[in-house]
There are 2 protein chains.
Amino acid sequence: MKIIVDAMGGDNAPDEIVLGAVKAVNENNVDITLVGKGEDILRVFERHDIKELPPGIEIVNASEIISPEEDPATAIRIKKDSSLSVGLTLLRDGRGDAFVSAGSTGALLSGATLIVKRVRGIRRAALAPFIPNTTNGFILIDCGANAECTPEYLLQFAYMGSFYSEDVLKINKPRVGLLNNGSESTKGTSLQHETYKLLQNSDLNFIGNVEAKDAMSGACDVLVCDGFTGNILLKAIEGTASLIMSELKNVFYSNALTKLSALFIKSKLTGLKNKMNPDTVGGTALLGISKPVIKAHGSSKADAIQNAVKQAIREANCGIAKRFEDNIEAMKVSVDKNVAEL
Amino acid sequence: MKIIVDAMGGDNAPDEIVLGAVKAVNENNVDITLVGKGEDILRVFERHDIKELPPGIEIVNASEIISPEEDPATAIRIKKDSSLSVGLTLLRDGRGDAFVSAGSTGALLSGATLIVKRVRGIRRAALAPFIPNTTNGFILIDCGANAECTPEYLLQFAYMGSFYSEDVLKINKPRVGLLNNGSESTKGTSLQHETYKLLQNSDLNFIGNVEAKDAMSGACDVLVCDGFTGNILLKAIEGTASLIMSELKNVFYSNALTKLSALFIKSKLTGLKNKMNPDTVGGTALLGISKPVIKAHGSSKADAIQNAVKQAIREANCGIAKRFEDNIEAMKVSVDKNVAEL
């Protein structure tokens, strides 16, 4: 198993990316190809007192970097020698089993679609992060790749999320919910109304509309929505969690007794923080691409990169893209189906 | 000042509603008209050992109740003698200055629109809850009244939210943000693109697109969005807050030391819980109606009802509907404007 890692992407590149890769080869029985400016990567080893290139790690040079500020599609077209373009080309050519990047989400999406290509019949690739909740968490799909969606996109997201939940997360008959502003079937806009009917007539384990609040308490294993709404949901969760955690810090710092309390529960609180931290899980799967592509959080440190690599290994082992290919007919909305079902 | 209160709406009606009204007349220099089944209301006084009808409270009988399960528009049309219909009719006829209900949101919205009517020129009424955050909180508008919106609705929501923030919350030049999946002006769907241009050309203090996460850390005073997205945002905040609070409880219950810690920080933690609790603020303003209508949370207890009444007093004192009337021309998208700006 060989995972290709973009050494130049993310706020803490290249140091934390390289260190995460080293941890992964040492602990996770995997080979890693680091893609980026060779000299910069070698200097990371020097800085951290690693005398020799660790066995299992190879470096492929790429002279350019795509920054998050650049227009994704343009950057991918122009910067042929960027770490992202070179890494994705290696993946396409079979010189690795999966690709991990903490760089620009837009550029990764554009690059994966243009270079590695979508599974035939899949209309749009979607970002599918794992969201922790009171039970086993859930897959949110899409969470930002596609702001405007059709009911067919959402049907495909539902299938992709369900297969992912089953094959990678080992959930039996994943409960698929449609994110909506109420549980009644009449809720939402025309997008939700039409998608509801498609999901109801699919062979998925569709449990109906799910409100954001209920998703947080374990109502479903896969939560389907357009990328605009998914992004709002994800950012609201992140924003609220960080708001409460910072308020909590103020509570603990108020006086000597509260500081003492903080000491007693410190380790438990760290456990809670880890549970709420997306980095612990790994990265976000970009589903619908013909080979596994993982987006690690932009602020990833070494541990988060290692977790993203572990997730890439699980995905590559499952052959999730093959599962999409084998089931593509059920994932399409034919004209006949349209007439019969809508 | 007289506030009309729906005694039969909400999970804890009529007891908590009546007790909240009693607290308000005793503490907030206001008269209250309780609308509902007279006998049920009188029995609440008996149950709680209140011998006489407190001065400042009057009861208006209404024999029917609209439940949250009923279709809102149908219920309002058929149940002419419901507490909601009777209360809103009293408001329309000038027999009170504002109306408060913890009952069905949909029925309240339908009833207010049909009976009290919108301000002339306002296309849709919108729900505008106050959301606590790390700074002074913000007004979210719309949060569920209108799932499908046009750019003009959103322009009007922005104005209504801004006037409300200025007049009722006393915020100077409220910063108005458009909820979006990124801060760049190109983000979002066509709804956001067109609304962005309208807001940019308005005389509001428009600060651009705002992500859900940044709204939670104080990026704006008014956050504008369609009711579908606003509902997802609100429920995500509620769900995440309650998830973390319940996990926190587990942390504190783990052993003797952590239980001791809980004791030390109990009062401070209650403070945090109150800060995150929408009930502390009062109810949610239904803006765009020609007179003040307040939706209290369905689970409101006496304190929450009292706070909603206090909010109703503030709104009635400001004459917010008059402010909308006076500025209605700026809030309209004329054909000319459309051509020039879009």
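Overview of the structure.

Parameters at a glance
- Residues numbered from 1 in each chain as written.
- Chains lettered and ligands numbered in written order.
- Predicted model: local features only at pLDDT ≥ 70, side-chain atom pairs only at ≥ 80, totals over all residues.
- Heavy atoms only, no water.
- Helix = DSSP H or I, 4+ residues; strand = E, 2+ residues; numbered from the N terminus.
- Buried < 20%, exposed > 50% of the residue type's maximum accessible area, 1.4 Å probe, protein only.
- Polar contact = N/O pair within 3.5 Å; in protein donor to acceptor, adjacent residues only side chain to side chain.
- Contact = heavy atoms within 4.5 Å.
- Expected span 1.5 Å × (residues − 1).
- Pairing = 2+ DSSP bridges.
- Axes fitted to C-alpha atoms, helices over the stretch in contact; angles between N-to-C directions.
- Salt bridge = Lys/Arg side-chain N within 4 Å of Asp/Glu carboxyl O.
- Buried area = accessible area lost by both parts, 1.4 Å probe.
- Nonpolar A, V, L, I, M, F, W, Y, C, P; charged D, E, K, R; others polar.

Next up on the list: the side chain of B:Asn133. Position of B:Asn133 relative to the elements: it lies in the loop between strand S6 (130-131) and strand S7 (138-141). The buried category is assigned to B:Asn133, whose relative accessible area is 1%. Polar side-chain contacts of B:Asn133 include one of 2.7 Å to the backbone nitrogen of B:Gly137. Among the polar contacts made by the side chain of B:Asn133, one reaches the main-chain carbonyl oxygen of B:Ala215 at a distance of 3.0 Å. Setting aside residues no more than four positions away along its own chain, B:Asn133 makes contact with A:Leu243, B:Phe138, B:Ala215, B:Met216, B:Ser217, B:Gly218 and B:Lys275.

This part is about helix H12 (residues 302-318) of chain A. Given 3.6 residues per helical turn, the α-helix brings residues three or four places apart onto the same face. Residue and element names in this part refer to chain A. In this model H12 runs 25 Å from its N-terminal to its C-terminal C-alpha over 17 residues, within 8% of the 24 Å that 1.5 Å per residue would give. Buried residues of H12: Ala-302, Ala-304, Ile-305, Gln-306, Asn-307, Ala-308, Val-309, Gln-311, Ala-312, Ile-313 and Glu-315, and no others. Of the residues flanking the end of H12, it is Gly-319, one or two places downstream, whose phi is positive at about 60°.

This part takes up the sheet that holds strand S10 (residues 222-224) of chain B. Residue and element names in this part refer to chain B. Ordered by their spatial adjacency, 5 strands build an open sheet running S6-S7-S10-S8-S9, and the pairing between neighbours is mixed. Strands at the two margins of the open sheet, each flanked by one partner only, are S6 and strand S9 (206-210). Alignment of S7 against S10, held across 3 bridges, turns out to be parallel. In the strand pairing of S10, Ile-139 is matched with Val-222. The strands touched by helix H9 (residues 227-252) within the sheet are S6, S7, strand S8 (176-179) and S10, with S7 carrying the most contacts at an inclination of about 135°.

Following the criterion strictly, the structure yields 32 salt bridges over all chains and no others. Residue A:Glu39 is joined to A:Arg43 by a salt bridge in which the shortest nitrogen-to-oxygen separation is 3.1 Å. Taken together, the residues A:Glu39 and A:Arg43, both in helix H2 (residues 38-47) and 4 residues apart, mark about one turn of the helix. Relative accessible area serves as the criterion here: at 59%, A:Glu39 is assigned to the exposed category. Owing to a relative accessible area of 37%, A:Arg43 belongs among the partly exposed residues under this scheme. Between B:Lys322 and B:Asp326 there is a salt bridge whose closest N-O contact spans 2.9 Å. In this pair, B:Lys322 and B:Asp326 both sit in helix H13 (residues 320-326), 4 residues apart, roughly one turn of the helix.

For the rest of this paragraph, the subject is H9(B). The first and last C-alpha atoms of H9(B) sit 37 Å apart over 26 residues, in line with the 38 Å expected at 1.5 Å per residue. The N-cap of H9(B), judged by a side-chain oxygen 3.1 Å from the amide nitrogen of B:Phe228 a few residues on, is B:Asp226.

Contact residues are listed per partner, giving 49 residues for chain A and 49 residues for chain B. Summed over both sides, the interface between chain A and chain B buries roughly 4,400 Å², with carbon and sulfur atoms accounting for 76% of that surface. In this structure, B:Lys213 engages A:Glu238 in a salt bridge whose closest nitrogen and oxygen atoms are separated by 3.0 Å. Linking chain A with chain B are 6 residue pairs in polar contact (both at pLDDT 80 or more). Going through the elements one at a time, helix H7 (190-200), helix H8 (212-216), helix H9 (227-252) and helix H10 (256-276) of chain A are the ones with two or more residues in the side of chain A that touches chain B. Here the side of chain A that touches chain B is composed, by residue class, of 24 nonpolar, 17 polar and 8 charged.

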